[in-house]
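Structural characterization, general
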Amino acid sequence: MRALLSALPCLLLTALTALTALSACGGADHTASDRETGGTLIVVVPAEPSTLFPPLASNTHELAVVSVLFDRLAEIGDDLETYGDRGFRPRLAASWTWATDSLSVAFRLDSAAQWHDGAPVRAEDVRYTFAVYTADSVGAEARSNLGNIDSVTVRDSLTAVYWFKRRMPQQFFDAVYHTYILPSHLLDTIPMERLARADVARQPVGTGRFRFARWDPGARIEVIADTANSRGRAILDRVVWSFVSDLGAATIKLFAGDADFFEMIRSQDLPQVTQSPTLRSVDNRSLQYNFLGFNLRARGDASRPHPIFGETAVRRALHMAVDRETLVRNVFDSLGLVALGPAPRALIPDTSAFNQIPYDLAGARALLDSIGWMDRNADGIRDRDGMPLAFDLLAPGSSEARKSYAINLQEQLRAIGVRATPLLLDINAYVTRVEAHDFDAYSGGWQTDPGLQGLRQTWRSTGSSNYGSYASPVFDALLDSATSTFDREASRGYWSRAFQQIVSDAPAIWLYEQRTPVVVHRRVNTAPLRADGWYHGLADWSIAPTARIDRDRIGLGSAR
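Computed from a predicted model, the values in this text were never measured in an experiment. (Residues numbered from 1 in each chain as written. Predicted model: local features only at pLDDT ≥ 70, side-chain atom pairs only at ≥ 80, totals over all residues. Heavy atoms only, no water.)

1. Brief notes about the overall build of the chain
Just so we agree on the cut-off: Think of it this way: any DSSP run of H or I at least four residues long counts as a helix, any run of E at least two long counts as a strand, and we number them from the N terminus. Computation of the radius of gyration draws on C-alpha atoms, with the globule rule given as 2.2 Å multiplied by the number of residues to the power 0.38. Any residue under 20% of the maximum accessible area for its type is buried, any over 50% is exposed, and the rest in between are partly exposed; the area is computed with a 1.4 Å probe on protein chains only. Any pair of residues with heavy atoms lying within 4.5 Å of one another is described as a contacting pair.
Of the regular secondary structure elements, the chain holds 15 helices and 26 strands. Computed over the C-alpha atoms, the radius of gyration of the chain is 24 Å, within 12% of the 24 Å expected from 2.2 N^0.38 for a compact globule of 560 residues. For the chain, the spread of C-alpha atoms along the principal axes amounts to about 70 × 60 × 45 Å. Expressed as a percentage of the 560 residues in the chain, the buried residues total 59%. For the chain, the proportion of contacts with a sequence separation of at least 24, taken over those separated by at least 6, is 72%.

2. Overview of the packing of aromatic side chains
Two numbers describe a pair of aromatic rings. These are the distance of the centres and the angle of the planes. Our working rule: The rule is short: rings of Phe, Tyr and Trp, with Trp giving its six-membered ring, pair when the centres are within 6.5 Å, and they are stacked under 30 degrees, edge-to-face over 60, tilted in between.
All chains considered together, the criterion is met by 27 aromatic pairs. Between W96 and F172, the ring centres sit 5.0 Å apart and the planes meet at 45 degrees, which makes this aromatic pair tilted. Taken together, the positions of W96 in strand β5 (residues 93-98) and F172 in helix α4 (residues 171-177) put the pair 76 residues apart, joining distant regions of the chain. Assigned by exposure class, W96 and F172 land together as buried.

3. A word on the environment of A378
Relative to the helices and strands, A378 resides in the loop between α10 (361-370) and β18 (383-384). Linking A378 and I543, residues 165 residues apart in sequence, is a C-alpha distance of 65 Å.

4. Structural notes on the sheet that holds strand β13 (residues 279-282)
Applied cut-off: One bridge is not enough; two strands pair if DSSP finds at least two bridges between them.
Spatially, 7 strands are ordered β9-β10-β11-β2-β12-β24-β13 in an open sheet, and the strand pairing comes out mixed. Edge strands, defined here as strands with exactly one partner in the open sheet, are β9 (210-216) and β13. Sheet analysis places strand β2 (residues 40-45) next to strand β12 (residues 261-262), joined by 2 bridges and oriented parallel. Bridging across to β12, V44 finds its partner in F262.

5. Section: the nonpolar core
Side chains of nonpolar character tend, in soluble globular proteins, to be buried together. To be explicit about the condition: Take the buried residues of types Ala, Val, Leu, Ile, Met, Phe, Trp, Tyr and Cys, join any two whose side-chain atoms come within 4.5 Å, and each joined set is a nonpolar core.
Core analysis: the biggest nonpolar cluster contains 156 residues, and L73, Y162, W241, L318 and W459 have the highest contact counts within it. Sequence-distant contacts of W459, defined by excluding residues within four places in its chain, comprise Y289, F291, P342, N466, Y470, F475, I502, P507, A508 and W510. A250, I265, V273 and V519 belong to the second largest nonpolar core, which has 16 residues in total.

6. As for the pattern of salt bridges
Think of it this way: side chains of opposite charge can pair up when their charged atoms draw near. Where we set the bar: Salt bridges are counted wherever a side-chain nitrogen of Lys or Arg sits within 4 Å of a carboxyl oxygen of Asp or Glu.
Applying the stated rule across the entire model yields 30 salt bridges. For the salt bridge of R456 with D174, the shortest nitrogen-to-oxygen distance reads 2.9 Å. Within this pair, whereas R456 is found in helix α13 (residues 455-458), its partner D174 is found in helix α4, the two being separated by 282 residues in sequence. By the burial criterion, R456 is buried, and D174 matches it. Of the charged contacts in the structure, one is a salt bridge between E513 and R345, with a shortest N-O distance of 3.1 Å. A residue pair is termed long-range when its members are at least 10 positions apart, and E513 in strand β23 (residues 508-514) and R345 in the loop between β17 (336-338) and α10 qualify at 168 residues. The exposure class of E513 is buried, given its relative accessible area of 10%. Relative accessible area serves as the criterion here: at 29%, R345 is assigned to the partly exposed category. Among the charged side chains, a salt-bridge network with shared partners connects R214, D216, R220, E222 and R238.

7. What to know about helix α15 (residues 488-505)
The condition is simple: Given a helix with a known number of residues, its expected span is that number minus one, times 1.5 Å. Each polar contact in these results corresponds to two N or O atoms within 3.5 Å; when the atoms are within protein, one needs to be able to donate a hydrogen and the other to accept it, and residues that are neighboring in sequence are counted only if both atoms are side-chain atoms.
If you check α15, its first and last C-alpha atoms are 26 Å apart, about what 18 residues at 1.5 Å a residue would give, namely 26 Å. A side-chain oxygen of the first residue of α15 lies 3.0 Å from the backbone nitrogen of E489; this N-cap is D487. Where α15 ends, the next residue or the one after it, A506, has phi of about 50 degrees, a positive value.

8. Points about the environment of D237
Structurally, D237 is set in the loop between β10 (220-225) and β11 (238-243). For the pair D237 and G39, spaced 198 residues apart in the sequence, the C-alpha separation amounts to 5.3 Å. Separated by 3.0 Å, the side chains of D237 and R233 make a polar contact.

9. Side note on the side chain of S286
As for its placement among the helices and strands, S286 is situated in the loop between β13 and β14 (288-294). A relative accessible area of 14% places S286 in the buried class. A polar contact is formed between the side chain of S286 and the side chain of Q288, at a distance of 2.7 Å. Not counting chain neighbours up to four residues away, the residues in contact with S286 comprise Q447 and A531.

10. Describing the pairing of β23
Within β23, 7 of the 7 residues are buried, which leaves the element mostly enclosed by the surrounding structure. Relative to β23, β14 is paired through 4 bridges, and the arrangement is antiparallel. Looking at the pairing, G293 lines up with A508 of β23.

11. Here we look at the environment of P46
In this fold, P46 is placed in the loop between β2 and α2 (60-69). Classification of P46 as buried rests on a relative accessible area of 3%. Distance in space between the C-alpha atoms of P46 and S245 is 5.5 Å, their sequence separation being 199 residues.

12. Points about the pairing of β9
Judged from the 6 bridges that link them, β9 and β10 form a sheet pairing that is antiparallel. The partner of F210 across the bridge, within β10, is A225. The loop that links β9 with its antiparallel partner β10 comprises 3 residues; one of these, G218, has a positive phi angle of about 80 degrees.

13. A closer look at the packing of helix α14 (residues 473-484) against α15
Relative orientation and spacing of two packed helices are given, respectively, by the angle between their axes and the distance between those axes. Rules: Note on definitions: angles span 0 to 180 degrees between N-to-C directions of axes, and those axes are lines fitted to C-alpha atoms, for helices only across the stretch in contact. Orientation categories follow fixed angle ranges, with anything under 35 degrees roughly parallel, anything over 145 roughly antiparallel, 65 to 115 roughly perpendicular, and all other angles oblique. Note on convention: the crossing is left-handed when the near helix lies turned anticlockwise from the far helix by less than a right angle, right-handed when the turn is clockwise. For this classification, the nonpolar set comprises Ala, Val, Leu, Ile, Met, Phe, Trp, Tyr, Cys and Pro, the charged set comprises Asp, Glu, Lys and Arg, and every other residue, Gly included, is treated as polar.
Look at α14 against α15: their axes get within 8 Å of each other, and the N-to-C directions meet at 160 degrees. Between α14 and α15, the crossing angle belongs to the class labelled roughly antiparallel. Crossing handedness for the pair α14 and α15: left-handed. Of the residues in α15, those in contact with V474, F475, L478, L479, S481, A482 and T483 of α14 are S491, Y494, W495, R497, A498, Q501 and I502. For the contact of α14 with α15, a count of residues per class yields 9 nonpolar, 4 polar and 1 charged.

Structural measurements only, silent on function.
Structure follows, in structure tokens:
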């Protein structure tokens, strides 16, 4: 799972123009000449990664770079099917063999696979990787998704065996999708609690078709084609992630011709894209949803409930006070949808099988009255036992959509006597506060994994990314049942009940899903954009030889 950045408000004309443009664009057809190697792709991003250490990479800026430097044992198919191993393609593993009881699977590594420093990939790397991802001292983002894996052992130098606690329909997905294999020969002498601060976090050595070249703090990260890669070199010579201060600066760089790809185009800038002779927009059907998350535990003392949000009735009243339909129309017009729960619609088995908390201002006021939150001094803010119904709302300043939502939420909640104060932070400060549970409420967003397995990481009581500390034994049990049964119809039923439970508990206000196009220079031929991350397949992007640009003019130097 990963955090999101979002787009800005749009007008109806903008949305309709954008949709027209999207219907006519997409990856260009590849010809033989298109696939000649060469060229530089510049990706502009409004925030700098804080790490390139795979277990700790959490946002799209970090994961995009990590995904081209490192490999999984096997890669999920284009249909993103998570049941069994159908459609998974070999990566570092050339093949795999299941035990007759399906409680273990042996991965036979590609004997030609090697690390970017020339060392061969070995089964010990796989065993070590599992140990790192599951170590408490590391705190990997994905460790909650690895709970059904009992251990990983080494059968011989090229064979690693995964042992499972029980048979589950998505156990293969759990084994391969959540972990990028790490180089044990470079890391195993470093104490695990120091890995996040080691040089490898900023100068990674992987096995991908691109290799790390440089990281200029505050400016860029550069990767170059690995010419000795066992799966063939990347088509592009190199990719540069160029950092700028905000979305406005990123847009200027894009339209000035100093960038080739931008993931978070502002909606009001889409008409200019359609009129540009050099740019095109591509529909990006990503698995995203956004929400206002509440901290259910007291800040600084997780043993106590939060004095406001520890009470379900308060959270439900706040949810009832938010007009989500109006917010989506105002901010996104036709490029957004109201979120229904902790997953995008594309993954929810049956969106009609559970009920939403309604928008009901009178009901919200009555509910707060009934539990003792009243405006006793006529200052417009409710209070109880001397405490005002007031809280800070954290939001990343780099996201115009989240800033807009924070301001609108402040206004809507004021109507029922609640003071919500937006606190806009730069992305790294925002992430630090959220991961430390140092907040009252936060504007959150996730780019989800295929399937619904990621709910174990983000909303299960023991989830490593359950920053609001939501804990429901009923939800946990339904989640376990939904992910363990091989009966798909029964699984749908469990999922529906799980969604109803978490919607009723209201640990968050489910705000929006955004249809966010990406913008690409017309000289760039893209591979199909996968819903779980546009950057998968980046090694197969190309630039026609006749359309290559001399990047020296913008200070990027020549390819290495």
